[in-house]
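# Tertiary structure, described
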Amino acid sequence: MFSYCTDPSTLSGLTWLSCYLTTGKHMAFYLSFGTVLLLLAITAPTALLFGYFGATAARSQIAPLRWIGKTCIAIVRGVPDIAFFLFFVIALDQAIEWTRHKLLCPEWTEPVRQGNDFVVCAAAKMPLGTAPQWVHETYGFFLAIFTFAIVFGAFAANVLFGAMRAVPRAQMETAEAYGMTRKQAFRRIMVPQMWVYALPGLGNLWMVLIKATPLLFLLGVEDIVYWAREMGGSKTAKFTDYPHGDWRMWYFLALLVFYLAFTRVSEIFLERTMKRLTKGQATTGGEAQRKVAA
Amino acid sequence: MSCWQTIQDYALRSVGYGERLLPRDDFTLCQQFTLIGSGMIWNVYFGVLALIAGFFFATALALGKGSRNVWLRKPAEWFIFLFRGSPLFVQFFFGYFLFLSLKQHYAFFEPFTAAWLGALVVLFLNTAAYSGEIFYGALRSIPKGDVESADAYGFSGWPRFKKIVWPTMLRLAWPAYTNEAIFLFHATALVFFSGFPAWQQRGDALYYANYFADKTFNPFVPYPILAMYFIILTLIVVSIFGLINARLNKHLPQEVKRKIKLRMNLIR
């Protein structure tokens, strides 16, 4: 990157390091931090949305909907999550291909599952075999995001379900006394108030989500763990301009520091949000804030 | 091959006894059940040992974090922050590569690069940090009256800790600690997916489940089997911890007894 980097073998010390840390591969490594952040940025709202629907389904008045909501929450919480991640990516992939196979190749008579093979017609492949590499990568990434969103959506559903029940009964009764319908009371009274009860749980979930992002590596996405392993490994002068020993330890130390900083910043941010949300609420926290102000 | 034969061949495969080669084709349900169950030996091994060792270290950490002495408090705080603030997955990787580089200078670290010891150490430190935080929270919520009464009766120092503070701390922390134990058992599934290599294909339950899913390209059989094993394991953990909980709460009137509320299965 820098002008003096043209011949790395003559460099030493800090200048060598500055060149080493700005190679093209390292840029890909830094970019993969962006992948993690992107995953978080997409997953968190999606999971929250799933969770919201899950929670409303679980407390629905229509019995089958309630059962579905509750079973979904129970299943996802009962199964070891890493197994869930490994399972879901293949299962989703196969489900998509199977559906496309049924739709696109109706004339195909052979069974999809032949012994140990899963065979669909070429048109049903997802993404298509002819698609460029980046399409495959993006598809894998979105499959991973969807998996994360489902698993964390179930956790979030559980938190929100608890939070909805924690809203004081008197608040809902007052809403009924004012003649609001069930729907109105839900939207105007319960939803605005439930967040303060949900925030500790959701905050916890956010921390867990941050700490779950390295699992992307298991789903075959080229994330920071992949790159750290790749680049830390010892390199000889034959293959690279920057030979070095086994530095994987230092790369993972860097990851460790990155995650520590990230969780710490989130912690501080969550504390502030909690303070803001508690304001004016009918809880001990809200009462304490009111007393200080008065 | 009968199912009984399969069980004889593979029930202890994960610890190195029985048939050397894993089944390669014509996978039967029996093989999947046996091998995945065999892998559970490792999950139980990691979970139980880390839990027992971690328990004592966690108590020390909680006391350290609650201590007035800065030299005790700061290290405990940092230790807990370090292990709770970073993903276990990355800790496994870091631990493995750390042991790997240490091995080159000191032969003493040779066994640490194998999963049975290295991963156990990482799990032990991790669970100690999480439980330490739980115990610290419990330590702070011990009713003031209990400690004051102890003082009034002339308790102090070690007897006061052993007879009053510690049992109450455990009693308050127990529901959360039960969840931590469940997390820990689920976390053991990560071991062979991080840096630690599975030597001679001796892996844990998830390792074998993944093996079958890869070979048969059918995730719908091995993973549910794995889930079943884990649910059984969780139920066993819950019932053992429930018995201890009942013992810790024996002196309390019936309605005051705290039920253990389960919040299962979050990744760390």
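No experiment lies behind these values; they were computed from the predicted model shown.

Reading guide: rules and limits
Residues numbered from 1 in each chain as written. Chains lettered and ligands numbered in written order. Predicted model: local features only at pLDDT ≥ 70, side-chain atom pairs only at ≥ 80, totals over all residues. Heavy atoms only, no water. Helix = DSSP H or I, 4+ residues; strand = E, 2+ residues; numbered from the N terminus. Contact = heavy atoms within 4.5 Å. Disulfide = S-S within 2.5 Å. Buried < 20%, exposed > 50% of the residue type's maximum accessible area, 1.4 Å probe, protein only. 1 Å grid on protein atoms, 1.4 Å probe; cavity = no way out; pocket = protein on both sides within 12 Å on 5 of 7 lines; lining within 4 Å. Points joined across faces, edges and corners; volume = space filled by probe spheres on them. Nonpolar A, V, L, I, M, F, W, Y, C, P; charged D, E, K, R; others polar. Salt bridge = Lys/Arg side-chain N within 4 Å of Asp/Glu carboxyl O. Phe/Tyr/Trp six-rings, centres within 6.5 Å; stacked < 30°, edge-to-face > 60°.

Turning to its location among the elements, serine 14 of chain B is positioned in the loop between helix 1 (3–10) and helix 2 (29–65). If we ignore the near neighbours within four places in the chain, the residues touching serine 14 of chain B are Ser38, Gly39, Ile41, Trp42, Arg202, Gly203 and Tyr208 of chain B.

All names here are of chain B. In the structure shown here, the tally under the stated rule is one disulfide over all chains. At a sulfur-sulfur separation of 2.0 Å, the disulfide partner of cysteine 3 is cysteine 30. Handedness here is read from the sign of the S-S torsion; for cysteine 3 and cysteine 30, about 85°, the answer is right-handed. With cysteine 3 in helix 1 and cysteine 30 in helix 2, this residue pair connects regions lying 27 residues apart in the sequence. The partly exposed category is assigned to cysteine 3, whose relative accessible area is 40%.

With that settled, the discussion passes to the layout of surface pockets. Residues and elements named next belong to chain A. One number sums up the size of the second largest pocket: a volume of about 690 Å³. Lining of the second largest pocket is provided by 29 residues; of these, His136, Glu137, Gly140, Phe141 and Gly220 occupy positions nearest its centre. Elements that contribute at least two residues to the lining of the second largest pocket include exactly helix 2 (24–58), helix 4 (81–104) and helix 5 (133–166). Counting residues per element, the lining of the second largest pocket draws most heavily on helix 5, at nine residues. A class-by-class count of the residues in the lining of the second largest pocket yields 17 nonpolar, seven polar and five charged.

Its place among the elements puts leucine 48 of chain A in helix 2. For leucine 48 of chain A, the residues in contact, after removing those within four places along its chain, are Leu160 and Leu202 of chain A.

It is worth spelling out the pattern of salt bridges at this point. The tally for this structure, following the rule as stated, stands at nine salt bridges over all chains. A salt bridge links arginine 169 of chain A to glutamate 173 of chain A, with the nearest nitrogen and oxygen atoms 3.6 Å apart. Placement of the pair is arginine 169 of chain A and glutamate 173 of chain A together in helix 6 (residues 169–177), with a separation of four residues, close to one helical turn. A salt bridge links arginine 160 of chain B to aspartate 151 of chain B, with the nearest nitrogen and oxygen atoms 2.9 Å apart. Of the residues examined, aspartate 151 of chain B reaches a relative accessible area of 41% and is grouped as partly exposed. Several salt bridges converge on common partners, so that one network encompasses Arg169, Glu173 and Glu176 of chain A.

It is worth spelling out the packing of aromatic side chains at this point. Given two aromatic rings, one states the distance between the centres and the angle between the planes to describe the pair. One pass over the structure, following the stated rule, counts 52 aromatic pairs over all chains. On the basis of an interplanar angle of 55° and a centroid distance of 6.0 Å, the ring pair of phenylalanine 55 of chain B and tyrosine 177 of chain B is categorised as tilted. With phenylalanine 55 of chain B in helix 2 and tyrosine 177 of chain B in helix 7 (residues 157–187), the pair connects residues that are 122 residues apart, well separated along the chain. Residues phenylalanine 55 of chain B and tyrosine 177 of chain B agree in their burial class; the two are buried. Put simply, the rings of Phe29, Tyr30, Phe33, Trp206, Tyr251, Phe258, Tyr259 and Phe262 of chain A pair up and form one aromatic cluster.

Residue and element names in this part refer to chain B. A positive phi angle, close to 55°, is found at phenylalanine 217, a residue other than glycine. Mapped onto the elements, phenylalanine 217 comes out in the loop between helix 8 (205–216) and helix 9 (222–248). By relative accessible area, phenylalanine 217 is classed as partly exposed at 34%.

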